[in-house]
Amino acid sequence: MIIKQEFKPRIQEEVFSKTDHAIVRAAVRRLPGLLSAIVEQRFWKKHSIAEIAEELGVTMSSVEKAIGTAFRLLREECLRHPDFSRSLYAVIKESQSDFAA
């Protein structure tokens, strides 16, 4: 007997509107230095922290710290944007550990 496993949709697909996605994507592109590249590799290209560290020639802890910094900057910028769904702030904050896993 084969049991079909159901996967829960990723949180950003469940709650973020197209406008929210556009705001986040634009904010990621404006991140300083390598933060933008690190975020894109980690969350859109699904590279591991180890893969990113190796590619950039930095330590894994540097990548982890950069991701934390990027989250803080993105959260601040998105919450300042007048069209971003502020009611999702709690969801974003809650889901940070999910995204970093």
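Predicted model, so just to flag it, every value in this text is computed and none were measured. (Residues numbered from 1 in each chain as written. Predicted model: local features only at pLDDT ≥ 70, side-chain atom pairs only at ≥ 80, totals over all residues. Heavy atoms only, no water.)

Caption draft 1: Region of interest: the nonpolar core. Core analysis: the largest hydrophobic core is formed by 20 residues, its most contacted members being L31, I38, V39, V63 and I67. Of all the secondary structure elements, the ones that give two or more residues to this core are α2 (18–29), α3 (35–44), α4 (49–56) and α5 (60–80). The leading source of residues in this core is α5, at seven residues. (Core = buried A, V, L, I, M, F, W, Y, C linked by side-chain atoms within 4.5 Å. Buried < 20%, exposed > 50% of the residue type's maximum accessible area, 1.4 Å probe, protein only. Helix = DSSP H or I, 4+ residues; strand = E, 2+ residues; numbered from the N terminus.)

Caption draft 2: Region of the structure containing the confidence of the model for the chain. Residues of the chain with pLDDT of at least 70 account for 69%, and the chain-wide mean is 79. Helix α1 (residues 11–15) is the least confidently modelled element of the chain, averaging 52 in pLDDT, while α4 averages 94, the highest of any element. Taken as a whole, residues 1–12 scores under 50 in pLDDT and shows 10 contacts with residues more than four places along the chain or in a different chain. (pLDDT = per-residue confidence, 0-100. Contact = heavy atoms within 4.5 Å.)

Caption draft 3: Looking closely at α3. Within α3, seven of the 10 residues are buried, which leaves the element mostly enclosed by the surrounding structure. Of all the residues in α3, the buried ones are L35, S36, I38, V39, Q41, R42 and F43. Where α3 terminates, the next one or two residues include K46, which has phi positive at roughly 65°.

Caption draft 4: How the structure looks around the side chain of R42. For R42, the location among the structural elements is in helix α3. Of the side chains with opposite charge, E51 lies nearest to the buried R42, which makes no salt bridge, at 6.9 Å. At 3.0 Å, the side chain of R42 forms a polar contact with the backbone oxygen of H47. (Lys, Arg positive; Asp, Glu negative; His and termini not counted. Salt bridge = Lys/Arg side-chain N within 4 Å of Asp/Glu carboxyl O. Polar contact = N/O pair within 3.5 Å; in protein donor to acceptor, adjacent residues only side chain to side chain.)

Caption draft 5: Molecular detail of α5. For α5, which comprises 21 residues, the first-to-last C-alpha distance of 30 Å matches the rise-based estimate of 30 Å (1.5 Å per residue) to within 8%. Inspection of α5 places V63, A66, I67, A70, F71, L74, R75 and C78 among the buried residues, and these make up the whole buried set. (Expected span 1.5 Å × (residues − 1).)

Caption draft 6: Fine view of the packing of α2 against α5. In the contact formed by α2 and α5, the axes pass within 10 Å of each other and the chain directions differ by 130°. When the axis of α2 is compared with that of α5, the two are oblique. Crossing hand, α2 versus α5: right-handed. Counted together, I23, V24, A27 and V28 of α2 and L74, E77 and C78 of α5 form the full contact between these two elements. Among the residues making up the contact of α2 with α5, the classes are represented as six nonpolar, no polar and one charged. (Axes fitted to C-alpha atoms, helices over the stretch in contact; angles between N-to-C directions. Parallel < 35°, antiparallel > 145°, perpendicular 65-115°, else oblique. Left-handed = near helix turned anticlockwise from the far one by under 90°. Nonpolar A, V, L, I, M, F, W, Y, C, P; charged D, E, K, R; others polar.)

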